[in-house]
Amino acid sequence: MIEVERLTKTYGRHTAVREVSLTAPPGVVTGLIGPNGAGKSTTLRAVLGLTRPTSGTATVAGQAYRDLRFPLHTVGALLDDAGPVPERRAADHLTWVARSNGIGRARVREVLDLVGLEDAGRTRVGRYSLGMKQRLGIAVALLGDPQVVVLDEPMNGLDPEGIRWIRHLVQQLARDGATVLVASHFMTELESVAQRIVMIAGGQVRAAGTVEEFTDGYDSLEDAYFERAGGQRR
Ligand code: ADP
């Protein structure tokens, strides 16, 4: 379970998110949707203890991230950041993360299999395609077999086969009981993967509920999205 309550984050005079409240329950995929600059990453970073809220709270499994005893066992995350240095081999990177989190080597092989990189573990990350890098990022997220999984724009740069793979993976994680929160600025991608939608725009929650509730009263999913975003088409 992820719970965000009245989260506000300001940078100087700029408010990135204002009074954002949302819940991601276990056993379903929750999609966090909104245009670029809406406040999705800020919200996820607060959940992951990477940014300190100006006010409000964000908890994972009932605790603030910094209070988790074994963070990687509780929550795994894919963020839009640099990843490992290009010279490093994928398996070595995973082994390093595993070791610093008290996770055994056997799990490294398991997650490589899980993300379809079983034949690419010895390859240097610099030679990976974007899709392979995303898979490696997801392998890191799953290393601790966490009950909560947070993925920021996991479909970015993936080909249709990769998108289909991620869709199946997150749905399987949710079926196995995990809390899954996926942020994206592509409504159509989230529609096919999420059972629940939270939409933020301009740093505020504009809608939250099932996909059916989200589109209720609108001609199409696209209309529901763009009208709530304030008519700004991208
Ligand atoms: P999204 O992930 O939905 O694209 P972000 O959470 O990254 O949106 O950004 C929300 C707003 O906060 C944007 O206006 C962005 O420019 C601003 N912002 C995010 N991080 C910082 C930061 N470290 N310093 C200043 N402004 C920031």
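Structural data are supplied above this passage.
Bear in mind the structure is a predicted one, so any value in this text is a computation, not a measurement.

K.L.:
Please explain the nonpolar core as it appears in this structure.
P.N.:
Grouped together as the largest cluster of nonpolar side chains are 53 residues, with contacts concentrated most on L94, I138 and F214. The residues touching I138, leaving out its near neighbours within four places in the chain, are L78, V115, L151, W165, I166 and L169. Within the second largest apolar cluster, 24 residues are counted, among which are L7, L22, A58 and V148.

K.L.:
How should the packing of aromatic side chains be read in this particular structure?
P.N.:
The relation between two aromatic rings is expressed through the spacing of the ring centres and the mutual angle of the planes. Enumeration according to the criterion identifies 1 aromatic pair in this entry. Judged by centre distance (5.0 Å) and plane angle (75°), the rings of Y225 and F226 are edge-to-face. The same class applies to Y225 as to F226, namely buried. The side chain of R135 reaches across the aromatic face of W165, ending 4.3 Å from its centre. The ring of F214 has R228 lying over it, and the distance from NZ or CZ to the ring centre is 4.5 Å.

K.L.:
Could you clarify how one ought to interpret the sheet that holds strand β9 (residues 204-210) in this entry?
P.N.:
Strand pairing in a sheet takes place through backbone hydrogen bonds and is either antiparallel or parallel in direction. Taken in spatial order, the 6 strands make up an open sheet running β5-β6-β7-β3-β8-β9, and their pairing is mixed. The sheet is open, and its two edges are formed by β5 (75-78) and β9, each paired on a single side. Strand-to-strand twist across the sheet, computed as the mean angle between neighbouring axes with direction ignored, equals 15°. Where strand β3 (residues 29-33) meets strand β8 (residues 196-201), 4 bridges bridge the pair, whose relative direction is parallel. Considered in β8, the bridge of T30 is made with R196.

K.L.:
Sorry if this is basic, but what is going on with the site of the ligand here?
P.N.:
The ligand sits among Y11, H14, A16, P35, N36, G37, A38, G39, K40, S41 and T42. Contact distances for the ligand include 3.1 Å between an oxygen atom and a backbone N or O atom of A38. Taking K40, its side chain carries an N or O atom lying 2.8 Å from an oxygen atom of the ligand. When the ligand sits alone it has 560 Å² of accessible area, and the protein chains cover 60% of it. Looking at the shell around the ligand, the elements with two or more residues in it are β2 (14-24) and α1 (40-47). Of all the elements, α1 adds the most residues to the shell around the ligand, at 3 residues. Looking at the shell around the ligand residue by residue, the class counts come to 4 nonpolar, 6 polar and 1 charged.

K.L.:
How should I be thinking about the sheet that holds strand β1 (residues 2-11) in this particular structure?
P.N.:
Across the sheet, 3 strands lie side by side as β2-β1-β4; this open sheet has antiparallel pairing. This sheet does not close on itself; its edge strands, each paired only once, are β2 and β4 (55-60). This sheet shows a mean twist of 20° between the axes of neighbouring strands, independent of strand direction. Relative to β2, β1 runs antiparallel, the two being bridged by 7 bridges. What sits directly across from L7, in β2, is V20. Sheet strands touched by α1: β1, β2 and β4. Its angle to β1, the strand with the most contacts, is close to 115°.

K.L.:
Even after reading the chapter, I still don't get the pairing of β9, so can you show me in this structure?
P.N.:
Here β8 runs beside β9; their pairing, made up of 6 bridges, is antiparallel. Of the residues in β9, the one forming a bridge with A201 is Q204. Where β8 hands over to β9, the hairpin turn is made up of 2 residues, of which G202 adopts a positive phi near 55°.

K.L.:
Hey, could you run me through the packing of helix α3 (residues 90-99) against helix α5 (residues 130-142) in this one?
P.N.:
Working note: a packed helix pair is described by the angle between its axes plus the distance between those axes. Packing of α3 against α5 brings their axes to within 10 Å, and their N-to-C directions diverge by 25°. Taken together, the axis directions place α3 and α5 in an arrangement best described as roughly parallel. Crossing of α3 against α5: the hand is right-handed. Residue-level inspection shows A90, H93, L94 and V97 of α3 in contact with α5, the latter providing L136, A139 and V140. Here the contact of α3 with α5 is built from residues that sort into 6 nonpolar, 1 polar and no charged.

Reading the values: rules and limits
- Residues numbered from 1 in each chain as written.
- Predicted model: local features only at pLDDT ≥ 70, side-chain atom pairs only at ≥ 80, totals over all residues.
- Heavy atoms only, no water.
- Core = buried A, V, L, I, M, F, W, Y, C linked by side-chain atoms within 4.5 Å.
- Buried < 20%, exposed > 50% of the residue type's maximum accessible area, 1.4 Å probe, protein only.
- Contact = heavy atoms within 4.5 Å.
- Phe/Tyr/Trp six-rings, centres within 6.5 Å; stacked < 30°, edge-to-face > 60°.
- Lys NZ or Arg CZ within 6 Å of the ring centre and 35° of its normal.
- Pairing = 2+ DSSP bridges.
- Helix = DSSP H or I, 4+ residues; strand = E, 2+ residues; numbered from the N terminus.
- Axes fitted to C-alpha atoms, helices over the stretch in contact; angles between N-to-C directions.
- Near = heavy atom within 4 Å.
- Polar contact = N/O pair within 3.5 Å; in protein donor to acceptor, adjacent residues only side chain to side chain.
- Areas by Shrake-Rupley, 256 points an atom, 1.4 Å probe, with all protein chains shown as cover.
- Nonpolar A, V, L, I, M, F, W, Y, C, P; charged D, E, K, R; others polar.
- Parallel < 35°, antiparallel > 145°, perpendicular 65-115°, else oblique.
- Left-handed = near helix turned anticlockwise from the far one by under 90°.

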